[in-house]
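Each chain, letter by letter, is given below.
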Amino acid sequence: YIVQRDGGTYHYERIQKDSTGAEIRDILTNSETYRTINGERQNLPDSTMNKYKNSVNSVAYFLLLPQPLRDPAVNKEYLGEVTLRGRTYDKVKVYFDQDGGGKDHEDVFVYWFDKEDGSVDYLAYLYHTDDTGMRFREAYNPQRVGGILVQDYINFAPKDSTLAVTEENLLRLDDLYQKNELKEFSRIENKAVKVK
């Protein structure tokens, strides 16, 4: 992945190789999204390109946290102080305006900001992309790269698959986490990060 930002201008790329060794690049900018294979621009249906766009944008969004929370379409609601694993956090709900909030403007996030250093050690979200669900993330392996805090995440889902996907349940995922009622779903690892 390459994530470039300059004020309001951005350029994100995902670079991968397929089974034949062909280089695939998914490119997302302020003005367009497209795919190249071995440098040749591909003509893909909008539905396919939107999936690639959402995937690349999601990686950039989480990597750049908390900076994206300053976007004009972001609304924040302070939910108070909570204690997680013996540390004190400010719990903040984030939701988006429809205008400027993107395709996923109905998603809702919760962030836990460490009271001592301001890091985002936990986050949770309710999503509607392709499906509906809730996730809770715990940051680990914090490292400073070029002055930027980069963290990996363990992604958790509720053990109870019948738990309703509601904002009310989203707001209590931290309680379920502390009661060991979440299961590991996946891990997000940022490897070989370079900052220029």
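As the structure is a computational prediction, the values presented were derived from the model and not from experiment.

What follows is about the side chain of N190. Position of N190 among the secondary structure elements: in the segment after β12 (182-188). What N190 contacts, discounting residues up to four positions off in sequence, is L63, Q143, V150, Q151 and D152.

Here we come to the pairing of strand β2 (residues 9-17). Alignment of strand β1 (residues 2-6) against β2, held across five bridges, turns out to be antiparallel. Looking at the pairing, Q4 lines up with H11 of β2. What sits between β1 and β2 in their antiparallel hairpin is a turn of two residues, with G7 showing a positive phi close to 65°.

This next bit is on the sheet that holds strand β8 (residues 108-114). Overall, antiparallel pairing links the seven strands, which are arranged β6-β7-β8-β9-β10-β11-β12 in an open sheet. Of all the strands in the sheet, the pair left with one neighbour each is β6 (74-84) and β12. Sheet twist, expressed as the average angle between the axes of neighbouring strands with direction ignored, equals 25°. Pairing geometry for strand β9 (residues 120-127) and strand β10 (residues 133-145), over six bridges, is antiparallel. Along β10, the bridge assignment pairs Y125 with R135.

What follows deals with the nonpolar core. Judged by nonpolar contacts, the single largest core of 19 residues is most densely connected at W112, F136, L170 and L173. Counting 17 residues, the second largest nonpolar core, distinct from the first, contains F62, L69, F96 and V120.

How each quantity is defined
- Residues numbered from 1 in each chain as written.
- Predicted model: local features only at pLDDT ≥ 70, side-chain atom pairs only at ≥ 80, totals over all residues.
- Heavy atoms only, no water.
- Helix = DSSP H or I, 4+ residues; strand = E, 2+ residues; numbered from the N terminus.
- Contact = heavy atoms within 4.5 Å.
- Pairing = 2+ DSSP bridges.
- Axes fitted to C-alpha atoms, helices over the stretch in contact; angles between N-to-C directions.
- Core = buried A, V, L, I, M, F, W, Y, C linked by side-chain atoms within 4.5 Å.
- Buried < 20%, exposed > 50% of the residue type's maximum accessible area, 1.4 Å probe, protein only.

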